[in-house]
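Below are the chains, spelled out letter by letter.
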Amino acid sequence: MWGGRFSDKPSDIMQAINVSIGFDRRMAAQDIRASKAHADMLAAAEIITDTDNVALQEGLDEILLEIEEGTFPYRDEFEDIHLNIEARLGEIIGETAGRLHTARSRNDQVATDFRLWVRDQLDGFDASIARLQRALLGQAEAHIDTLMPGFTHLQVAQPVTFGHHMMAYVEMFGRDRSRFIDARRRLNECPLGAAALAGTPYPVDRDMTSSALGFEKPMANSLDAVSARDFALEALSAASICATHLSRLAEEIVIWTSAQFNFVSLSDKFTTGSSIMPQKRNPDAAELVRAKVGRISGALLSLTMVMKGLPLAYSKDMQEDKEPVFEAFDALSLALAAMAGMVADLTPQKTNMEKAAGAAYSTATDLADWLVRELGLPFRQAHHATGEIVALAERQNKALHEVTLTEMQAVKPQIHAGVYDVLSAAKSVASRTSYGGTAPNNVTAQIVIWKKKLSRVKT
């Protein structure tokens, strides 16, 4: 495609390091979309004839059909998807194909294709995360008042409900969706028409191509248009945070399905066995989701390292921008689908969770709060007195509600029989009525709010 300047072909090594068709073929549909919009604009601006545009449009449609049917002849000698399509277009419609590249460069072409591809992926993530949120909502609604222990430091802290725990992830993934939406809004400017780096002398209508491709507006600076990859970095950053949330939930599923916890079970659909231990049921799907964050966060670092030392405008280094994004987004897409499936598949073991919810003196804070409310003690004094009562119970291997009133009164004589009203896990949960608390009525109210929000999301 640049043979006029060169008298010899590239070496085999140069060809090997330069070729990208093995991975950038994934942008074929976006490349054809952008080329069709560009051809329409060239015709409208009378840069090419309507007859030429008809031929270009028909040829590009034929190529798209070949790609969809798997018959398109990808060839390494044309190095990337852009040159492959242009070469094939020439085979189909002849020398008119050469008019398509008027007033554009591969620099603005690839920048446009890449933005279109990332934008399509972000739209898909929005729908995928919404599906996961709906699965979490389903579990929350079924277990609004199912007790379980809440943890800090992975030590039993206070009783909560399983529904409340599920809703925590609904909130987290809601923020992930908003990050992807924000990233999409910022990337939604069109580079096409910036040409190589300085713009073009042709009377192009960049607003026309921008609008045709669904962008909000053309990018305002031609240098920035061809050299910016912050849109991909931002998308990878949002993907890394989302993957971290997936990993945290996966970790909890691994813990909860262990024999030591036995809080939930997964069916055969999302577990595997052992080649040597026939009793095993391994939460491999959760473990693999947990591992995906390494691949996704690694992609963010990889692209950051590619971009950090590049001057404006385009450098060939930027050919390395796509593979990490493709791989990371594949990993995230699979992880989201797997997690939505696992969440829907979970069967909470209510008896085990409820027993654990009242263990390890989980209502000690409720006792301290009762001492403040009923006896008027400063919280620090109440905390100290509660600690003494917990130590007493621990020495006698008793639960808090098994400590006698006489024994409690030995610590604080003012304590009366009403204290036993707050020492059960169920009453502890029911008392947490502050906004955002675990009380079942709160959980119900949040489920209603999120159902309404998610009803507006197409999946």
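Now for a look at the structure at hand. (Residues numbered from 1 in each chain as written. Predicted model: local features only at pLDDT ≥ 70, side-chain atom pairs only at ≥ 80, totals over all residues. Heavy atoms only, no water.)

1. Re the packing of helix H6 (residues 106–142) against helix H12 (residues 322–345)
The cut-off we apply is this: Here, axes are lines fitted to C-alpha atoms. For helices the fit covers the stretch in contact, and angles between N-to-C directions go from 0 to 180 degrees. Starting at the N terminus, helices and strands are each numbered in turn, a helix being any DSSP run of H or I of at least four residues and a strand any DSSP run of E of at least two. Roughly parallel means an angle under 35 degrees; roughly antiparallel, over 145; roughly perpendicular, 65 to 115; everything else is oblique. Each crossing gets its handedness from the near helix: less than a right angle anticlockwise from the far helix is left-handed, clockwise is right-handed. Residue contacts are defined here by distance: any two heavy atoms, one from each residue, within 4.5 Å place the two residues in contact.
Running from N to C, H6 and H12 point in directions that differ by 15 degrees, and their axes come no closer than 9 Å. By the angle class used here, H6 and H12 are roughly parallel. Note on packing geometry: the crossing formed by H6 with H12 is left-handed. Only Lys-322, Val-325, Phe-326, Phe-329, Leu-332, Ser-333, Leu-336, Met-339, Ala-340, Val-343 and Ala-344 of H12 make contact with H6, whose side of the interface consists of Val-110, Phe-114, Trp-117, Val-118, Gln-121, Phe-125, Ser-128, Ile-129, Leu-132, Ala-135, Leu-136 and Gln-139.

2. Focus on the pairing of strand S1 (residues 147–152)
Looking along a regular strand, one sees side chains alternate from face to face of the sheet. Inclusion rule: Strand pairing is assigned whenever DSSP identifies at least 2 bridges connecting the two strands.
Relative to strand S2 (residues 155–161), S1 is paired through six bridges, and the arrangement is antiparallel. If you follow Phe-151 over to S2, its bridge partner there is Val-156. Taking the residues between adjacent antiparallel strands as the criterion, S1 and S2 are bridged by two residues, where His-153 takes a positive phi near 60 degrees.

3. Observations regarding a nonpolar patch on the surface
Here is the rule: Each patch is assembled from residues with relative accessible area greater than 30% and no salt bridge, linking like charges that lie within 9 Å and nonpolar side chains (Val, Leu, Ile, Met, Phe, Trp, Tyr) that lie within 5 Å. Where accessible areas are quoted, they stem from the Shrake-Rupley method and a 1.4 Å probe; at the residue level, only the protein chains shown are allowed to cover. Just to be clear on terms, a salt bridge is a Lys or Arg side-chain nitrogen sitting within 4 Å of an Asp or Glu carboxyl oxygen.
A surface patch of nonpolar side chains, amounting to about 260 Å² of accessible area, comprises Leu-197, Leu-223 and Leu-312. Its location among the elements puts Leu-197 in the loop between strand S3 (189–190) and helix H8 (206–212).

4. Examining a negative patch on the surface
We count it as follows: A positive count includes Lys and Arg, and a negative count includes Asp and Glu. His and the chain ends are not counted in either. Working definition for charges: the position is that of NZ of Lys, CZ of Arg, CG of Asp or CD of Glu. Exposure classes here rest on a 1.4 Å probe applied to the protein chains alone. A residue is buried below 20% of its type maximum, exposed above 50%, and partly exposed in between.
On the surface, Asp-317, Glu-320, Glu-323 and Glu-327 cluster together into a patch of negative charge. Residue position: Glu-320 is located in the loop between helix H11 (284–307) and H12. For Glu-320, a relative accessible area of 41% corresponds to the partly exposed category.

5. Brief notes about the nonpolar core
Nonpolar side chains in soluble globular proteins tend to end up buried together. Heads up, the rule is: Here the nonpolar core consists of buried residues drawn from Ala, Val, Leu, Ile, Met, Phe, Trp, Tyr and Cys, with membership extended through side-chain atoms lying within 4.5 Å.
One finds Val-118, Leu-246, Phe-329, Leu-332 and Met-339 to be the most contacted residues of the largest nonpolar core, which totals 77 residues. Going through the elements one at a time, H6, helix H7 (162–187), helix H10 (230–256), H11, H12, helix H13 (350–357) and helix H18 (440–454) are the ones with two or more residues in this core. When residues of this core are assigned to their parent elements, the largest contribution, 15 residues, is made by H10. The residues touching Met-339, leaving out its near neighbours within four places in the chain, are Leu-132, Leu-246, Leu-249, Ala-250, Ile-253 and Val-289.

6. Considering the environment of Lys-350
Residue position: Lys-350 is located in helix H13. According to the relative accessible area criterion, Lys-350 is partly exposed, its value standing at 39%. Residues Lys-350 and Met-148 lie 202 residues apart in sequence; the distance between their C-alpha atoms is 8.0 Å. The contacts of Lys-350, once residues within four sequence positions are left out, are His-143 and Thr-146.

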